[in-house]
Amino acid sequence: MLVPGMYLVNRYEILEKIGSGGMADVYKAKCHVLNRLVAIKVLKQEYSTDATFVRKFRVEAQSAAGLSHPNIVNVYDVGEDNGIYFIVMELVQGITLKNYIDMKGKLDIREALNISVQIASGLSAAHDNRIIHRDIKPQNIIMSRDGKVKVTDFGIAKVADSTTVTTTAAGTVHYISPEQARGGYSDEKSDIYSLGITMYEMVTGRVPFEGETNVAVALLHIQGEMVPPRELEPSIPMSFEKIILKCTQKKPDRRYASARDLIADLRKVLTHPDGEYVVIPGAIPSGRTIVMQEDDINSLKEASLHRNDTKIVSDRNKEETKVQKKQPVKKVSVPEEDFDPEDDDDEEEVNPALGKVMMGLGIGGFIILAVIIFFIIGHAAGLFGGGLFGGKDTETTTESFTESASAETQENVPVPDLTNKTEDEARAELKDLGLGINVQKGASDEVEEGKVYDQSPAAGEKVDIHTMITVYISTGKETFKLEDVTGMDYNQAQAQLENKGLKVNLEFENDDTVQKDRVISTSPEAGSQVAEGDTITVTVSEGAKTEYVNMPDVRGYDLDTAISMLEDAGLNYNGYSSDYSDSYDEGEVMDQSYSPGKSVEKGTWVSLTVSLGSRVRSYTATVYFPNPFGVDIIDENGEAQVYDEGQVTVVVEQNGTTKTIYDRYIQASELPAYQEVTSESGTSGTATMYINGNKFESWSVSFQ
């Protein structure tokens with residue numbers, strides 16, 4: 001076990017333990033190379049000597065390190081230090097989705113949709129890299145403080161391969177897919193099932209299956225029926241319920257083919273909450289609508305008066321009702337120790353309620369079929385035309401029947417693929433097949449404006465003629481206002497924009513007014529309408545442009561000339577001090593704080609030393625400086641001032657002669673403790689200190 005203060009590979013300082021799992025502990029740490037906080041997952045000591053566990057741990061790292069997506073926790077580093085195996089990950093400040101659900105009871109529909117889209121986006125990125133998570137659950141979803149959702153803990157993820165079959169059921173039992181519970185093959189659709197269970201819990205506040213043991217829960221995933229979400233929470237849109245039910249189908253081929261398809265339907269819920277775009281393969285339709293002409297309806301009313309025909313139908317109804325009755329199903333308790341997922345032969349039991357529905361549909365269909373047959377036979381015999389009841393002549397009736405029979409006798413037709421067709425093209429194609437059209441409009445990122453981007457039922461599905469086909473016409477990409485990220489740190493701005501589905505192109509330039517690494521501007525500008533997938537150019541400040549100049553040689557010049565030379569070179573004069581010199585005459589600059597010819601930044605402050613001439617005096621005094629900073633000083637207006645920096649000047653008066661021994665603009669921390677001064681006599685003198693021209697203090701000095 002690691003303790004705070006320990007270092008891994010002389011880089012990561014352990015700060016505190018923040019979590020623990022089956023194989024590893026998680027610590028908060030600081031990376032001293034990049035100066036950032038990270039999370040470090042460390043393999044538990046009891047497993048670090050086990051080659052199998054170490055191999056699994058490395059596989060986890062290799063799998064996760066290949067992923068880079070705003071909705072996946074990033075992996076920064078993988079390593080080993082004296083037998084300690086670890087993974088360095090992004091530290092996300094927030095709580096798990098499980099804790100969030102527990103706090104709120106159940107989530108608002110819009111919030112649940114937003115979270116679901118982000119989870120699915122992360123899974124889509126992983127699946128595109130052939131990585132299956134195998135343990136999707138609210139405990140492995142982190143809600144960051146800025147609202148971003150991240151999938152973490154690819155602890156049992158494994159690079160997908162068409163020949164890979166798991167031998168043990170991985171995942172958590174309340175969210176496990178039926179195929180995982182059986183110990184069979186698992187793929188992307190297993191993650192989609194677990195996400196479906198997670199969505200169910202978000203909107204209802206509970207998981208669909210509970211049991212006294214893990215085996216009991218796993219058995220329910222394999223053969224149990226969940227309570228539909230809308231029975232627990234009626235406010236759930238019908239389309240959202242269908243999405244959840246499609247995700248949690250027992251057979252994988254009835255679920256969404258990909259996370260990308262799931263995202264497309266989730267986004268439609270916001271604009272079409274009651275739409276019929278969610279199609280579950282193999283599901284039984286709730287009913288059919290037969291479009292009939294007014295003459296046909298009147299004929300059916302007449303046909304219903306023939307009691308003999310009605311009696312035939314009634315008798316058949318009774319026979320069907322007898323067949324419909326079933327023996328009650330006997331419930332069998334399965335002891336935990338006898339449960340073996342491999343014994344399941346994958347044959348699904350028929351739900352009694354579903355059987356009744358199918359029987360009812362069969363009876364209803366038979367009644368409709370019998371009446372239609374009667375109507376057609378009557379039409380052919382002229383019962384409803386010019387024959388028995390008068391009306392049109394026989395030739396006209398025959399032609400009319402011939403044309404009608406060609407359409408009415410056709411049981412069903414395959415729905416054509418209308419994708420990328422215009423509304424007029426789709427309407428014409430459906431009309432030729434005897435199908436109706438219902439036009440809906442919505443945004444699409446993939447199909448251009450004015451063309452079909454989706455349809456229901458799906459292409460290839462067989463339907464009765466006159467069935468209404470819903471087509472969705474693209475209004476172009478869904479746009480939204482570009483948020484203002486100017487002034488932000490560019491890493492934060494990039495993450496924020498990418499979380500909106502935008503691509504970011506970074507450009508760097510010098511700016512004297514914007515702090516380094518802050519965003520100067522974006523193109524397009526904030527407030528512009530943009531769409532997912534658009535590229536935003538973000539201009540980032542590199543700070544003020546640094547210019548370099550060569551330091552001039554000002555030695556030998558008088559002070560005024562030296563100052564002018566510094567200013568001409570783009571440098572700043574920072575005051576002077578004095579000293580004796582046998583090489584330079586009194587009043588000449590004898591030294592400078594930067595060597596002549598040295599390359600320095602433009603604007604650098606330069607201090608000078610001015611010669612006092614040859615040292616011919618034999619008396620010296622040490623002048624100790626008082627501290628004028630941080631205390632009240634009376635200025636020329638008689639008002640008290642407090643300075644923490646300023647021009648400090650010290651003069652010494654002796655025998656009527658005044659000499660400046662110190663004159664510099666300094667910070668409080670730069671004030672020297674003393675300055676030595678020489679004199680021709682051994683008498684005493686008076687030292688006086690000024691700050692910004694205001695007298696601070698006078699004191700006596702002695703020359704010896």
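Cut-offs used in this document
Residues numbered from 1 in each chain as written. Predicted model: local features only at pLDDT ≥ 70, side-chain atom pairs only at ≥ 80, totals over all residues. Heavy atoms only, no water. Buried < 20%, exposed > 50% of the residue type's maximum accessible area, 1.4 Å probe, protein only. Helix = DSSP H or I, 4+ residues; strand = E, 2+ residues; numbered from the N terminus. Arc of directions from axis to C-beta. Contact = heavy atoms within 4.5 Å. Polar contact = N/O pair within 3.5 Å; in protein donor to acceptor, adjacent residues only side chain to side chain. Pairing = 2+ DSSP bridges. Axes fitted to C-alpha atoms, helices over the stretch in contact; angles between N-to-C directions.

Some details on helix α16 (residues 490-498)
Listed in full, the buried residues belonging to α16 are Tyr490, Ala493 and Leu497. Down the axis, α16 shows its buried residues gathered within 60° of arc, on one side only. In this fold, the buried residues of α16 make contact with β18 (503-509), β19 (519-523) and β21 (535-541). The backbone nitrogen of Asn491 lies 3.0 Å from a side-chain oxygen of the residue at the head of α16, namely Asp489.

Remarks on the sheet that holds strand β10 (residues 149-151)
Sheet architecture is open: three strands sit in the order β7-β9-β10, paired in antiparallel fashion. Each having just a single partner strand, β7 (94-96) and β10 make up the two edges of the open sheet. On average, each strand axis in the sheet is tilted by 30° relative to the strand beside it, whichever way the strands run. As defined by bridge partners, β7 adjoins strand β9 (residues 141-144) across three bridges and the pair is classed as antiparallel. Paired with Ile95 across the two strands is Met143, which belongs to β9. The strands touched by helix α3 (residues 97-104) are β7 and β9; relative to β7, the strand with the most contacts, the crossing angle is about 85°. Lying over the sheet, helix α4 (residues 109-128) contacts β9 and β10, oriented at roughly 35° with respect to β10.

Section: unusual backbone geometry
A negative phi angle is the norm for most residues apart from glycine, just as the trans form is the norm for most peptide bonds. Following Ser456, the chain continues into Pro457 via a peptide bond in cis, with omega recorded as 0°. Topologically, Pro457 is positioned in the loop between β14 (452-456) and β15 (462-463). Looking along the chain, the bond that leaves Ser523 and enters Pro524 is cis, with omega of 5°. The residue Pro524 is located in the loop between β19 and β20 (529-531) in this model. Look at Asn420: it is not a glycine, yet its phi comes out positive at around 70°. Position of Asn420 among the secondary structure elements: in the loop between β12 (413-414) and α15 (423-432). Given the relative accessible area of 43%, Asn420 is considered partly exposed. In this structure, His466 is a non-glycine residue whose phi angle is positive, near 75°. Tracing the backbone through its elements, the reader meets His466 in the loop between β15 and β16 (468-474).

Read these as geometric descriptors, not functional statements.
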